[in-house]
Amino acid sequence: IDAILATAVSVTFYRSIFKRTLKQATFLGNLLAGTVTGPWVLYVVFCTRRSRKIKSALLSGLLLSLVSIGGYFYIIFYAVRYQHSALLLNCAIGILLLFLMVAAASNLLRYNKLAHHDRRTATFIKQVYVYTRRGLIQQARNWKGICFDFGLQLMSGFFLGFVFFGRTYVPPILEPFGIGAGDTFDCPPELEGLLPSACALALIPKDDPLSAQATLSNMAVAMAAMASSMRVFGDERDVFLRESSTGSNTEAYYLGKTISHLPTIVAAPAVFLYAFTSLTALAAPWHLHYVALLLVYFTASGMAYFVSNLVRRDLSQLVGVMALLVSVMFSGSQPTLNQLKDNALLGRLLYYPSFASFLRWLNEWYYLIEIRSLGVGAASMELLYGYTPHNFYPCLIWTVTIALTFRLLAYMALVARER
């Protein structure tokens, strides 16, 4: 993800940033000064009264040097000492490098838009408070839209509850013969001389609604989250352009708007889960399913922020729905991960995009928490879907990484629209 975004930043902003600003001696001098002076730049940026234009160039140089040094050590660590158990550390370092790249790109992008003499504005904390308060007031006044969003979640939960009412996971016929959760299965000698698919058939559950429950539940919550979150930034495009031209802080605006949207992000999954569990019996604890749906809503809302800041308002809904459909296509439900790995025409090529689909990881996590709570054999998971119990925590790590990536991209798209 870091490599792809670094390439995209370089190609996208070359003509609009580097080609113009590198010809300016002042910019080039401040950029090089920020690169070689290191932590001294932080003192100049935060403790002196120099203009934002100079601070932007100095901070860009520091961030680019940190990205270069950090990227070098990250590649060395990943290539030489990478282990599956170090996935959390790798993702944390990758997110940190991505954050530094986005910060550097945003400073470079806004350099030509900054005035040589700064206007006096409110402090960063006060601006965050003002934008958060304004966002909460806007949502309170738009109570009909909030009620519609919650009603959509409630209706989706009840509908899926009716669909899966009375359906439970029925284990394979070999479960009574000692296949425990997480075990791999070896074909018994009695079945080796029969049809080649006899062992595979014996591992198929009699009834398995878990995969369909995961796919439909996550997709329903994600669709509702996409429709609701488009309004957070999409309805204020003109307001943001007017306020950014007066010198308001874009970071404060972004934080304030996202903080004001947090109550909806927290409450909406609970509404859906209340309706769904009132008709469908789930084996896993309620809070685990809530965490799964909360991550769905959080990630889908970040995707909506990015899309609403990137494309025109009349196209944002269409682009958002198409992005979710692509995520569903590579989610591993149908086609399954095993089918994506073994495509007759493209081989494993279709499997790699599934790593960027947050629905792939949350569908698998839904299945794993249910299987764990049922205490039944997990040997059929890898055969049917390509799931493994060892991915219980990596599923969460990958989802959080994708969610933060969307939100960083949304911030950079917002900076690109500054005046």
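Everything below is about the structure printed above this text.
We now turn to the structure provided with this report.

1. What to know about the overall build of the chain
Part 1 of the reasoning: A count of helical and extended segments in the chain gives 18 helices and 0 strands.
Part 2 of the reasoning: As displayed, the chain has an accessible area near 21,400 Å², and 68% of this comes from carbon and sulfur atoms.

2. Topic: the packing of aromatic side chains
The geometry of an aromatic ring pair comes down to the distance between the two centres and the angle between the two planes.
Part 1 of the reasoning: In total, this model carries 16 aromatic pairs according to the counting rule given.
Part 2 of the reasoning: Between Trp286 and Tyr290, the ring centres sit 5.6 Å apart and the planes meet at 5°, which makes this aromatic pair stacked. You can see Trp286 and its partner Tyr290 sitting in helix 13 (residues 286-310), 4 residues apart, about one turn around the helix.
Part 3 of the reasoning: Assessed through its relative accessible area of 16%, Tyr290 is described here as buried.
Part 4 of the reasoning: Stacked on the ring of Phe355, the Lys or Arg Arg360 has its end atom at 5.0 Å from the ring centre.
Part 5 of the reasoning: When the ring centre of Trp361 is taken as origin, the NZ or CZ atom of Arg360, which lies over that ring, is 3.8 Å away.

3. A closer look at the environment of Leu325
Part 1 of the reasoning: You can see Leu325 is positioned in helix 14 (residues 313-329).
Part 2 of the reasoning: Residues Leu325 and Met219, 106 residues apart in the sequence, show an inter-C-alpha distance of 8.9 Å.

4. Quick look at a nonpolar patch on the surface
Part 1 of the reasoning: Together, Leu315, Leu318, Val319, Val321, Met322 and Leu325 make up an exposed nonpolar region whose accessible area comes to about 460 Å².
Part 2 of the reasoning: The topology assignment puts Val321 in helix 14.
Part 3 of the reasoning: The partly exposed category is assigned to Val321, whose relative accessible area is 31%.

5. Focus on empty space enclosed by the protein
A water-sized probe, rolled over the atoms, reveals where empty space remains.
Part 1 of the reasoning: Tallying each qualifying case throughout the model produces 2 cavities of 30 Å³ or more.
Part 2 of the reasoning: Looking at the largest cavity, its volume works out to about 50 Å³.
Part 3 of the reasoning: Secondary-structure elements contributing two or more residues to the lining of the largest cavity are helix 10 (210-234), helix 12 (250-277) and helix 13.
Part 4 of the reasoning: When its residues are assigned to classes, the lining of the largest cavity shows 7 nonpolar, 3 polar and no charged.

6. Observations regarding the side chain of Arg407
Part 1 of the reasoning: Mapped onto the elements of the fold, Arg407 is located in helix 18 (residues 392-416).
Part 2 of the reasoning: Lacking a salt bridge, the buried Arg407 has Asp149 as its closest oppositely charged neighbour, with an N-O distance of 14 Å.
Part 3 of the reasoning: For Arg407, the contacting residues outside a window of four places in its chain are Tyr254, Thr258, Ile265, Phe298, Ser301, Gly302 and Tyr305.

7. Overview of the pattern of salt bridges
Part 1 of the reasoning: A complete count under the given rule lists 7 salt bridges for this structure.
Part 2 of the reasoning: A salt bridge links Asp149 to Arg231, with the nearest nitrogen and oxygen atoms 2.6 Å apart. On the criterion of sequence distance, the pair formed by Asp149 in helix 7 (residues 143-163) and Arg231 in helix 10 is long-range, its members being 82 residues apart.
Part 3 of the reasoning: Here Arg313 ties to Asp235 by a salt bridge, and the two come within 2.9 Å at their closest N and O atoms. One end of the pair, Arg313, is in helix 14; the other, Asp235, is in the loop between helix 10 and helix 11 (237-244), and 78 residues separate them in sequence.
Part 4 of the reasoning: Given the relative accessible area of 39%, Asp235 is considered partly exposed.

8. Quick notes on the environment of Leu409
Part 1 of the reasoning: Inspection of the secondary structure puts Leu409 in helix 18.
Part 2 of the reasoning: Take Leu409: its relative accessible area is 14%, and that puts it in the buried class.

9. Topic: helix 18
Part 1 of the reasoning: Over its 25 residues, helix 18 extends 37 Å from the first C-alpha to the last, a length consistent with the 36 Å expected when each residue adds 1.5 Å.
Part 2 of the reasoning: Summarising burial for helix 18: 19 of the 25 residues are buried, a large majority.

Cut-offs and rules
Residues numbered from 1 in each chain as written. Predicted model: local features only at pLDDT ≥ 70, side-chain atom pairs only at ≥ 80, totals over all residues. Heavy atoms only, no water. Helix = DSSP H or I, 4+ residues; strand = E, 2+ residues; numbered from the N terminus. Areas by Shrake-Rupley, 256 points an atom, 1.4 Å probe, with all protein chains shown as cover. Phe/Tyr/Trp six-rings, centres within 6.5 Å; stacked < 30°, edge-to-face > 60°. Buried < 20%, exposed > 50% of the residue type's maximum accessible area, 1.4 Å probe, protein only. Lys NZ or Arg CZ within 6 Å of the ring centre and 35° of its normal. Patch = residues over 30% accessible without salt bridge, like charges linked within 9 Å, V, L, I, M, F, W, Y side chains within 5 Å. Salt bridge = Lys/Arg side-chain N within 4 Å of Asp/Glu carboxyl O. 1 Å grid on protein atoms, 1.4 Å probe; cavity = no way out; pocket = protein on both sides within 12 Å on 5 of 7 lines; lining within 4 Å. Points joined across faces, edges and corners; volume = space filled by probe spheres on them. Nonpolar A, V, L, I, M, F, W, Y, C, P; charged D, E, K, R; others polar. Lys, Arg positive; Asp, Glu negative; His and termini not counted. Contact = heavy atoms within 4.5 Å. Expected span 1.5 Å × (residues − 1).

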